Amino acid sequence: MKVAILGGSGKTGRAVGAALAQAGVATRPLGRAAFDDLPAALAGADAVHVIAPNLHADEPSYVAAVLAAASEVGVGRVSYHSVASPYVPAMPHHLGKAVSEDMVRRSGLAWTILQPCAYVQNLLPALRAARSVGELSVPYAVDTPFGMVDLQDVAAATAVVLTADGHVGATYELGGPALVSVADVAAAAGLTAARVPAEGDVHPWLQAMFDYYDDHGLPTGGVPLRALLGRAPTSVADVLARDLA
Ligand SMILES: NC(=O)c1ccc[n+]([C@@H]2O[C@H](COP(=O)([O-])OP(=O)(O)OC[C@H]3O[C@@H](n4cnc5c(N)ncnc54)[C@H](OP(=O)(O)O)[C@@H]3O)[C@@H](O)[C@H]2O)c1
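Not measured: the values here are computed from a predicted model.

Peer 1: Help me understand the site of the ligand in this model?
Peer 2: By nearness alone, 24 residues border the ligand, and Ser9, Thr12, Ala52, Lys97 and Asn122 come closest of all. Within the backbone of Gly10, a nitrogen or oxygen atom sits 3.3 Å from an oxygen atom of the ligand. With respect to the ligand, the side chain of Asn122 contributes an N or O atom lying 2.7 Å from an oxygen atom. When the free accessible area of the ligand is taken as 930 Å², the share hidden by the protein chains comes to 77%. Of the residues in the shell around the ligand, the class split is 11 nonpolar, 10 polar and three charged.

Right, dumping it as C-alpha cells:
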C-alpha cells in the first residue's frame, strides 16, 4: 500500500508518515510544491491523507484541489485531518475545516475524517521556556477544559483507519484520555500556569481561537481514540515524560 500525505513535511505529516511506516506502509510526503501538478503528485498512490497547513487562508480550496486530483488519477481512498469541533463560527480556521469536511463527504471517494483536539506537543516549547521561571504562560485561560491529545496517538490512529477495514464513512473525534486544563498540564510538569496578554502581532484567526479558548476551552471525547488504538490514549504525564526532556 502507498499513501500520499499532503502536508507530509509538516509537524503532523511527519508524525503520520512515521506511524504509517511503522505499520509497513510506503509513504509519499508532499509539501507545497505538489500543488504545481497535483495529479502527477498523487498518481499511483492507493490513498491520500490530507493535512492543510496551519491557518491556511482558504482551506476549502486546498482540500477541493486535492479531492479533484485524487478523483482524476483514480486514488479512491482519502482521509482528512480536520479538527475537534469544526463547526465553530467564532473560529474561522475551524469553519474552513467544517466546509472541507462537507466536500470530503460528497467527494465520491471512500473517506474517513479525523477530528483531533489540540496536541499536548503544542505546549512543549512554552513548557521548556517556563522551567527557569517556574510558570507556564499562555495567552488564554488556564482553567478551561481541553481533550488535549498526543500527536503520536493521532498519527497511530490515522495509520489504523488507512490500513484496517471498517473505517470508510467514519468521522472520529480524537481527544486524549481525560479533559485537562493548561494548569493541569503545567502541574504535570511541576509548574504553575498563568494567562498573559498575547505578544506582538497576532493573526486575527489565532486571536479568535484564544478568545474561544478563554470562554470554552476545547473539550473533546477520548472514547473513539481508545477504540482505534485498542489501548488507553497516552496521558499528558506520559507525553511529557517521553517528549519534554
Ligand atoms: N496543532 C494542533 O494542535 C492541531 C490540532 C488539530 C488539527 N490541527 C491541524 O493540523 C494541520 C497541520 O498542522 P501542522 O502543525 O502539522 O502544520 P505545519 O507544520 O504548518 O504544516 C506544514 C505543511 O503544509 C505545507 N504547506 C505550507 N504552506 C503551504 C501552502 N501555501 N500550500 C500548500 N502546502 C503548504 C508545508 O509544505 P512545505 O514543506 O513545502 O512548506 C508542510 O508540508 C492544520 O490544518 C491544523 O489546523 C492541528
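Peer 1: Quick question: what am I supposed to make of the packing of aromatic side chains here?
Peer 2: In the structure shown here, the tally under the stated rule is five aromatic pairs. Here the aromatic rings of Phe35 and Tyr62 are separated by 4.8 Å at their centres, their planes lie at 35°, and the arrangement is tilted. With Phe35 in the loop between strand 2 (26-30) and helix 2 (38-42) and Tyr62 in helix 3 (residues 59-73), this pair connects stretches of sequence that are 27 residues apart. Residue Phe35 is classed as partly exposed on the basis of its relative accessible area, which comes to 30%. Taking the relative accessible area as the measure of exposure, Tyr62 reaches 8% and is therefore buried. Seen in terms of ring centroids, Tyr140 and Tyr213 are 5.2 Å apart; in terms of plane orientation they differ by 75°. Their pairing is edge-to-face. Placement of Tyr140 in the loop between strand 6 (135-138) and helix 6 (151-163) and of Tyr213 in helix 8 (residues 204-216) is noted, with a sequence separation of 73 residues between them. According to the relative accessible area criterion, Tyr213 is buried, its value standing at 6%. Counting every residue linked through ring pairs, the aromatic cluster contains Tyr140, Phe146, Phe210 and Tyr213.

Calculation notes
- Residues numbered from 1 in each chain as written.
- Predicted model: local features only at pLDDT ≥ 70, side-chain atom pairs only at ≥ 80, totals over all residues.
- Heavy atoms only, no water.
- Near = heavy atom within 4 Å.
- Polar contact = N/O pair within 3.5 Å; in protein donor to acceptor, adjacent residues only side chain to side chain.
- Areas by Shrake-Rupley, 256 points an atom, 1.4 Å probe, with all protein chains shown as cover.
- Nonpolar A, V, L, I, M, F, W, Y, C, P; charged D, E, K, R; others polar.
- Phe/Tyr/Trp six-rings, centres within 6.5 Å; stacked < 30°, edge-to-face > 60°.
- Helix = DSSP H or I, 4+ residues; strand = E, 2+ residues; numbered from the N terminus.
- Buried < 20%, exposed > 50% of the residue type's maximum accessible area, 1.4 Å probe, protein only.

Note that all results are geometric; they support no functional claim without further evidence.
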